[in-house]
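# Structural features, examined
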Amino acid sequence: MDDLTNRVRQVAREAGADLVGIAGIERFADLPPEHSPLSIFPEARSVVVVGKRIVRGALRGVEEGTQFSNYDLYIGNWLNPFLSATVFEISAFLENNRWEAVPLMNLPTQIPPMGIAVRPGQPEPNVLVDCDEAAVRAGLGEIGYCGLLLTPQYGPRQRVEAILTDAVLEPDPILTEPVCDYCLECAKACPLGAISLIQKTTYEISGKETVVGQIDHSKCAICQNGARPNRYHKDAPADRTAAVCTRTCVAHLSATGRLADTPRLPFRRRDPWTLLPHNIWSLDRRRNIE
């Protein structure tokens, strides 16, 4: 590994990163201009994806149905600023060494354009890069059946942002060992039936096959089982990190030894808390699919 790449990784760790992945810009060549890093920084040669873990204990109160503000505070309010500070430190390091660095928040790509193209052939602002998919291109993980980024270290428990730079950095290999085993426990756990057990979409991200269950995001938007409205745009998918579907994914991946980060006690030790909206998804209908 070359010296600059080593130094970027070291600075990232010292600045608080739990995950660091690097992709060459060629791995983004298949993206349309409205979602391409090159629309933002045409001279970019590398994309650095940085992640911070969601500590498992932040989900504990939701799992038990007894304490919800811990997740809202530590994950909903504070984790993203912590991550952005880490990304800023890495960007400053690159620019201190005469490379340009563009920090990118993980904004939902469902946010519509908010302006007009400034010149012919350019996309309308704002160009939004899918940072979760960038993490796949940078070798950090995969998109699981649940539709969320899964990493071998933490499963669905992380937030990621990215940095575009003109520095040529050594890329990481695309992850080949799967994290998701398509157990469908996430779909079975959802009281609203938002994740299909049958219908799915298969596509590629930088040559990596991705299989995602069909998700009715309108049901996620009214979920009262730990999901949160998207803070950035009303039409973007809800934050499902604390929802029972994702907590079930955490429990399954931990119990089956598929994660590097596995504490001594199992995540799920009793039936999880769920608020069943009987008028939307009846227990009888749920039993019929099990």
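Structure: see above.
Numbers given for residues are sequential positions, taken from 1 along each chain in its written order. Thresholds applied to this predicted model are a pLDDT of at least 70 for local features of residues and 80 or more for the giving and counting of side-chain atom pairs; totals over whole chains, interfaces and linings are not thresholded and use all residues. Side-chain metrics rest on all non-hydrogen atoms present in the structure, leaving aside hydrogens and water.

Secondary structure elements follow DSSP: runs of H or I no shorter than four residues count as helices, runs of E no shorter than two count as strands, and numbering proceeds from the N terminus. Helix span, as expected, comes to 1.5 Å for every residue beyond the first. Its 28 residues give helix α4 (residues 69-96) an end-to-end C-alpha distance of 39 Å, which sits within 8% of 40 Å, the value for a rise of 1.5 Å per residue. The angle separating two fitted axes, one through the seven residues that finish at a residue and one through the seven that start at it, defines the bend at that residue. Taken as a whole, α4 carries its principal kink of about 50° at W78; the proline P81 stands between one and four residues after it. Think of it in three bands: with a 1.4 Å probe and only protein chains considered, a residue is buried below 20% of the maximum accessible area for its type, exposed above 50%, and partly exposed in between. Taken together, the buried positions of α4 are occupied by Y71, I75, G76, L79, N80, L83, T86, V87, I90, S91, F93 and L94. Of the surrounding secondary structure, the elements contacted by the buried residues of α4 are α1 (3-14), β2 (46-53), α3 (60-64), β3 (101-104) and β6 (158-165). Phi for R98, located one or two positions after α4, is positive at around 75°. Note on contacts: a residue pair qualifies if any of its non-hydrogen atoms lie within 4.5 Å across the two residues.

The omega torsion of the bond from P125 to N126 falls at 5°, within 30 degrees of zero and hence cis. Within the secondary structure, N126 sits in the loop between β3 and α5 (131-137). If you check the backbone angles, R98 has positive phi at about 75° while not being a glycine. Within the secondary structure, R98 sits in the loop between α4 and β3. In this structure, S206 takes a positive phi of about 50° despite not being glycine. Along the polypeptide, S206 turns up in the loop between β7 (195-205) and β8 (208-215).

This brings us to the nonpolar core. The criterion is simple. A nonpolar core is a set of buried Ala, Val, Leu, Ile, Met, Phe, Trp, Tyr and Cys residues joined through side-chain atoms within 4.5 Å. V47, V49, L164 and I195 are the most contacted members of the largest nonpolar core, which totals 48 residues. Per-element accounting of this core gives the leading share, four residues, to α5. Not counting the four nearest positions on each side in its chain, L164 is found in contact with P37, I40, F41, A44, S46, V47, E100, A101, V102 and L104. Counting residues in hydrophobic clusters, the runner-up holds 18 residues, among them A12, A17, V50 and I90.

This part takes up the side chain of R56. Along the polypeptide, R56 turns up in the loop between β2 and α3. For the buried residue R56, which engages in no salt bridge, the nearest side chain bearing the opposite charge is D261, 6.3 Å off. When residues no more than four places from it in sequence are discounted, the contact partners of R56 are R157, V250, S254, P263, L265, P266, F267 and R269. Asp and Glu are treated as the negative residues and Lys and Arg as the positive ones, with His and the ends of the chain left uncounted. One side-chain nitrogen of Lys or Arg within 4 Å of one carboxyl oxygen of Asp or Glu is enough to make a salt bridge.

The final tally for this structure, using the stated rule, is 15 salt bridges. With a shortest N-O distance of 2.7 Å, E63 and R268 are connected by a salt bridge. Placement of E63 in helix α3 and of R268 in the loop between α8 (244-255) and α9 (283-289) is noted, with a sequence separation of 205 residues between them. Classification of E63 as buried rests on a relative accessible area of 2%. Take R268: its relative accessible area is 24%, and that puts it in the partly exposed class. Ionic pairing is found between D235 and K234, a salt bridge with its closest N-O pair at 3.3 Å. Several salt bridges share partner residues, and in doing so they unite D30, E133 and R137 into one network.

This brings us to the packing of aromatic side chains. Working definition: a ring pair exists when centres of Phe, Tyr or Trp rings (six-membered ring for Trp) sit within 6.5 Å. Plane angles under 30 degrees give stacked, over 60 give edge-to-face, the rest tilted. This structure, assessed with the given rule, holds three aromatic pairs. Taking the centre distance of 5.1 Å and the plane angle of 75° together, the rings of F68 and W273 count as edge-to-face. Taken together, the residues span a long stretch of sequence, with F68 in the loop between α3 and α4 and W273 in the loop between α8 and α9 at a distance of 205 residues. On the numbers, 6.4 Å between centres and 90° between planes, the contact of Y145 with Y182 is edge-to-face.

Another point: the layout of surface pockets. Think of a 1 Å grid over the protein atoms and nothing else: a 1.4 Å probe that fits but is trapped marks a cavity, an open set flanked by protein within 12 Å on at least five of seven lines marks a pocket, and residues with an atom within 4 Å of a point count as lining. Grid points are joined across faces, edges and corners, and a volume is the space filled by probe spheres set on the points. Its boundaries defined by the atoms lining it, the largest pocket holds a volume of some 1100 Å³. If you trace the largest pocket, you find 40 residues lining it, with D132, L148, N230, P237 and A238 closest to the centre. At the level of secondary structure, the elements contributing two or more residues to the lining of the largest pocket comprise α4, α5, β6, β7 and β8. The dominant element in the lining of the largest pocket, judged by the number of residues it contributes, is α4, at five residues. In this classification, Asp, Glu, Lys and Arg are treated as charged, Ala, Val, Leu, Ile, Met, Phe, Trp, Tyr, Cys and Pro as nonpolar, and every other residue, Gly included, as polar. By residue class, the composition of the lining of the largest pocket is 17 nonpolar, 13 polar and ten charged.

Of all eight residues in β6, eight are buried; the element is thus mostly enclosed. Alternating positions in β6 separate into two faces, Q158, V160, A162 and L164 on one and R159, E161, I163 and T165 on the other, with burial throughout. Pairing between two strands is assigned when DSSP locates at least 2 bridges connecting them. With eight bridges joining them, β2 and β6 adopt antiparallel strand pairing. Within β6, the residue paired with V47 across the bridge is L164. Inspection of the sheet shows β3 paired to β6 by four bridges, in the antiparallel sense. Looking at the pairing, P103 lines up with I163 of β6.

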